[in-house]
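# Structure at a glance
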Amino acid sequence: MTVLSLSNSFLFPYMLLVTLLVLSNHLAGVLASPTCVFTSPSGHVFDYSSVDTNNGNPWTAKDSSGNEYSWHICSEDQGLKGCTSSAVCQQPASGDAKSCGKLDTQHYSVVGNDDGSAASVLYNGGTQCQDGTARQTTLTLRCADGPARVVGSVMEDPANKCFLLVTMSGEAFCSRDSQPPPLPASGCYLSTPAGYSYNLTAVNTNGTLPWSTSDGLGNQYLWQLCTPLPWPQSCHASAVCQLSSGGGDYSCGLLSSASWAPLNGVDNGLGLSGTYNGGAACVRDQVRRSSQIQLVCASNTNVEVSVAENSTQPCAYLITMTGSAFCGNK
């Protein structure tokens, strides 16, 4: 009987190949592990560690049908049964919880121009819908003033109801290097025919960031009074910008078009009204977007803001700011 034997030199290449395959699979798992830090192609660094959760609890919001969603930005949401290993979980108005994206599928991307003002994170591989499509969720994370918050409700992607869209904003979503550079304030000094002077330098921005607020439809607005917005790129040279809840950023008035007048036509030092025209085209009404900013003199030292669409003029927006900083000097 002949006995066949394999020498060590013959086995070694195969043993080495198996070892390398096992090692490569292990490394792939390490490299693909979820992270709270994202570096964009242009080198902007976003760190979401402090807002992974809402003070230790999952972030939550509802859609228009009353379904509730909970999520973590970069760790597993363990709040509901049926959403094991998930970043995003849906609790329907009735029925079992459904995963809307697995944590290990995390994929970051920049939003719009790579300027450090926004990024998104996609989670897919969730529970299948009736048509067999796996649920997925895109979180859009926008730089804005104030604490981290959810903007509007959870939306369905118009192209596929199984794809969910969530927008969040706040200072924690700004890249580490996205603070706008100091800009000249020569356009922040205004005077009226009656001799009242206004120095808007200190309230041109809200600290180091543009002013920001949202309307009742989930649209967010950014503005600066007398210098152009530093981002997003689609609102270049604008004083006012709309970050639409349906996606897209739209200029709502160019800084170069600014026109100021006494508030309500009364030159008594109690405020100003500024108009900005020439914004992005508004397809709905075939006009250019525009904005009016009313600066109202009041006793409060903290500036209060609000925004609304003009009820009589399509695609025109009214921003009201009140505070002692808007009282004229004579």
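These notes cover the structure that comes with them. Throughout, residues of each chain are indexed from 1 in the direction in which the sequence is written. Thresholds applied to this predicted model are a pLDDT of at least 70 for local features of residues and 80 or more for the giving and counting of side-chain atom pairs; totals over whole chains, interfaces and linings are not thresholded and use all residues. Values reported for side chains reflect all heavy atoms of the structure, with hydrogen atoms and water molecules removed beforehand.

### Things to note about the overall build of the protein chain
Going along the chain from the N terminus, every DSSP run of H or I of four or more residues is numbered as a helix, and every run of E of two or more is numbered as a strand. Secondary structure summary: the protein chain contains one helix and 24 strands in total. Burial analysis of the protein chain (330 residues in total) assigns 43% to the buried set. It only takes one pair of heavy atoms within 4.5 Å for two residues to be counted as in contact. Across the protein chain, every contact between residues at least 6 apart in sequence was considered, and the portion connecting residues at least 24 apart equals 48%. Note on areas: Shrake-Rupley with a 1.4 Å probe; residue coverage comes only from the protein chains shown. Carbon and sulfur atoms make up 54% of the accessible area of the protein chain, which amounts to about 16,800 Å² in all. Only protein chains enter the calculation, and the probe is 1.4 Å; a residue is then buried if its accessible area is under 20% of its type maximum, exposed if over 50%, and partly exposed in between.

### As for unusual backbone geometry
In the segment running from W231 into P232, the intervening peptide bond is cis, with an omega of 0°. Relative to the elements of secondary structure, P232 occurs in the loop between β15 (220-223) and β16 (240-243). Within the chain, A237 stands out as a residue other than glycine whose phi angle is a positive 70°. Assessed through its relative accessible area of 33%, A237 is described here as partly exposed.

### Looking at the environment of S212
Looking at where S212 falls in the secondary structure, it is placed in strand β14 (residues 211-214). Each C-alpha atom, one on S212 and one on V305, is 8.4 Å from the other, the two residues being 93 residues apart in sequence. Polar contact criterion, stated in full: a pair of N or O atoms within 3.5 Å, where within protein one must be able to donate a hydrogen and the other to accept it, and residues adjacent in sequence count only if both atoms are side-chain atoms. Looking at S212, its side chain comes within polar contact range of the side chain of Q220, at 2.8 Å.

### Some points on the sheet that holds β14
Two strands qualify as a pair provided that DSSP identifies no fewer than 2 bridges between them. Strand order in this open sheet of four strands is β14-β15-β16-β17, and the pairing throughout is antiparallel. Where the open sheet ends on each side, the last strands, each with one partner, are β14 and β17 (249-251). Across this sheet, the average inter-strand angle for adjacent strands is 20°, counted without regard to direction. Bridge count between β15 and β16: four bridges; the pairing is antiparallel. Looking at the pairing, Q220 lines up with L243 of β16. Structural elements are reduced to axes, namely lines fitted to C-alpha atoms, with helices fitted over the stretch in contact, and the angle between N-to-C directions of any two is expressed from 0 to 180 degrees.

### Thoughts on the state of the cysteines
For this text, the term disulfide refers to a pair of cysteine sulfurs within 2.5 Å. Summed over the entire model, instances satisfying the criterion amount to eight disulfides. One disulfide in the model links C36 with C74; its S-S distance is 2.0 Å. Between C36 and C74 the disulfide shows an S-S torsion of about 90°. By sign, it is right-handed. One end of the pair, C36, is in the loop between α1 (8-31) and β1 (37-39); the other, C74, is in the loop between β4 (68-71) and β5 (88-91), with 38 residues separating them in the sequence. The same class applies to C36 and to C74, which are both buried. The disulfide partner of C143 is C174, and the gap between their sulfur atoms is 1.9 Å. Between C143 and C174 the sulfur-sulfur dihedral comes to about 80°; the bridge is accordingly right-handed. Linking C143 in strand β9 (residues 136-143) with C174 in the loop between β11 (160-170) and β12 (189-191), this pair joins segments that are 31 residues apart in sequence. Across the pair, exposure class does not vary: C143 and C174 are buried alike. Between C100, a cysteine without a disulfide, and C89, which holds the nearest cysteine sulfur, the sulfur-to-sulfur distance is 6.8 Å.

### Brief notes about the pairing of β5
Residues in a regular strand project their side chains so that they alternate between the two faces of the sheet. Strand direction decides the pairing type here: β4 and β5, joined by four bridges, are antiparallel. Within the sheet, the bridge partner assigned to E68 lies in β5 and is Q91. Direction of pairing for β5 relative to strand β6 (residues 98-99): antiparallel, over a ladder of two bridges. Its bridge partner being in β6, Q90 is matched across the sheet by K98. Counted between consecutive antiparallel strands, the loop separating β5 from β6 contains six residues, among which G95 sits at a positive phi close to 105°.

### Side note on the packing of aromatic side chains
Pairing of aromatic rings covers Phe, Tyr and Trp, the last counted by its six-membered ring, and requires centre-to-centre distances within 6.5 Å; plane angles under 30 degrees mean stacked, over 60 mean edge-to-face, and any other angle means tilted. In total, this model carries seven aromatic pairs according to the counting rule given. Ring centres 5.9 Å apart and planes at 50° place the aromatic pair Y48 and F173 in the tilted group. With Y48 in the loop between β2 (45-47) and β3 (59-62) and F173 in the loop between β11 and β12, the pair connects residues that are 125 residues apart, well separated along the chain. Pair check on accessibility: Y48 and F173 agree, each one buried. Seen in terms of ring centroids, Y221 and Y317 are 5.4 Å apart; in terms of plane orientation they differ by 50°. Their pairing is tilted. With Y221 in strand β15 and Y317 in strand β24 (residues 316-323), this pair connects stretches of sequence that are 96 residues apart.

### Quick word on the sheet that holds β6
With antiparallel pairing, the four strands of this open sheet are ordered in space as β3-β4-β5-β6. The two strands at the open ends of the sheet, each matched to only one other strand, are β3 and β6.

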